Amino acid sequence: MKKNIIYIVLIIIIGVIAFIPGVRNFLKDQFFPIATIENAVTVNKDDYDIDLQGINVPSTNLKNFKDKPIFLNFWGTWCPPCRKEWPTIQKLYDTRKGNVDFVLIAMKDEEPAIRKFLKENNYSVPVYIAQSPISEKLLPKAFPTTFLLDKSGRILIKEDAYRDWNTESVHQFIDNIIK
């Protein structure tokens, strides 16, 4: 009887961890490093060659951000999880824009919809639309997808889902990669 109760409690704990995103994300942040730098994939010179049409900033090419830490996010105004994480990205941008370059690329979106979204929400994070093909290393399979690249082009974080980017662990991580 005592064994059965222990098994039931373990199953409940595993269920809570597996099915409640807040608990899963908290435990992931607490017990697993944000990135395994030793195994990081590196973005090469050709992967950076993406022409970017600026929406609220001048147009540029992603290669102009090479040799700098980059917060690279692929999103869309049509994507509910993307819209949900925007306030946390804006807060991170407000506090860390001097330490890392922010490049948010709107995908499968029209310029008027993007401009309207940014204006309605008073967002100032740099937003672009890709005007040339995106490398397979960076091309998102889900939205939102966010990469944090160090100045040598290593992908330190790749997140294929909504995340609260305004956490102490993210701030500390960014502070550590710029040293």
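The structure under discussion appears in the preceding block.
As the structure is a prediction and not an experimental result, all values here were calculated from the model.

Trainee: Please explain the sheet that holds strand β7 (residues 155-159) as it appears in this structure.
Mentor: Read across the open sheet, the 7 strands follow the order β2-β1-β5-β4-β3-β6-β7; overall the sheet is mixed. The two strands at the open ends of the sheet, each matched to only one other strand, are β2 (60-61) and β7. By the bridge criterion, 3 bridges tie strand β1 (residues 51-54) to strand β5 (residues 127-130) in an arrangement that is antiparallel. Across the sheet, L52 pairs through a bridge with A130, a residue of β5. Strand contacts of helix α4 (residues 111-121): β1, β3 (70-75), β4 (101-106) and β5, with the helix running at about 165 degrees to β5, the strand carrying the most contacts.

Trainee: Would you mind showing me how to read the environment of N56 here?
Mentor: Looking at the element boundaries, N56 is found in the loop between β1 and β2. N56 gets classed as partly exposed once you look at its relative accessible area, which sits at 32%. Expressed as a C-alpha distance, the spacing of N56 and I114, which sit 58 residues apart in the sequence, is 9.6 Å. Setting aside its immediate chain neighbours within four residues, N56 contacts L118, Y123, S124, V125, P126 and V127. Reaching out from N56, the side chain makes a polar contact with the backbone oxygen of V125 at a distance of 2.9 Å.

Trainee: Just checking my understanding: could you explain the environment of K158 for this structure?
Mentor: Tracing the backbone through its elements, the reader meets K158 in strand β7. Given the relative accessible area of 46%, K158 is considered partly exposed. When residues no more than four places from it in sequence are discounted, the contact partners of K158 are T145, T146 and F147.

Trainee: So what exactly am I meant to see when it comes to the state of the cysteines here?
Mentor: Joining two cysteines, a disulfide is a covalent bond between their sulfur atoms. Taken as a whole and judged by the stated rule, the model has 1 disulfide. Disulfide pairing places C79 opposite C82 at an S-S distance of 2.4 Å. Across the S-S bond linking C79 and C82, the dihedral sits near 75 degrees, which makes this disulfide right-handed. By relative accessible area, C82 is classed as buried at 1%.

Trainee: Would you take a moment to explain the pairing of β3 for this structure?
Mentor: Residues in a regular strand project their side chains so that they alternate between the two faces of the sheet. The element β3 is largely enclosed, with a buried count of 6 among its 6 residues. By the alternation rule, side chains of β3 split into I70, L72 and F74 and F71, N73 and W75, which are all buried. One ladder, built from 6 bridges, connects β3 with β4; its direction is parallel. Looking across to β4, one finds that W75 is bridged to A106. Once you follow β3 into helix α3 (residues 80-96) and on to β4, the crossover reads as right-handed. Pairing geometry for β3 and strand β6 (residues 145-149), over 5 bridges, is antiparallel. Across the sheet, residue F71 finds its bridge partner in β6, namely L148.

Reading the values: rules and limits
Residues numbered from 1 in each chain as written. Predicted model: local features only at pLDDT ≥ 70, side-chain atom pairs only at ≥ 80, totals over all residues. Heavy atoms only, no water. Pairing = 2+ DSSP bridges. Helix = DSSP H or I, 4+ residues; strand = E, 2+ residues; numbered from the N terminus. Contact = heavy atoms within 4.5 Å. Axes fitted to C-alpha atoms, helices over the stretch in contact; angles between N-to-C directions. Buried < 20%, exposed > 50% of the residue type's maximum accessible area, 1.4 Å probe, protein only. Polar contact = N/O pair within 3.5 Å; in protein donor to acceptor, adjacent residues only side chain to side chain. Disulfide = S-S within 2.5 Å. Right-handed = clockwise from strand over helix to strand, strands pointing away.

Read these as spatial facts, not as claims about activity.
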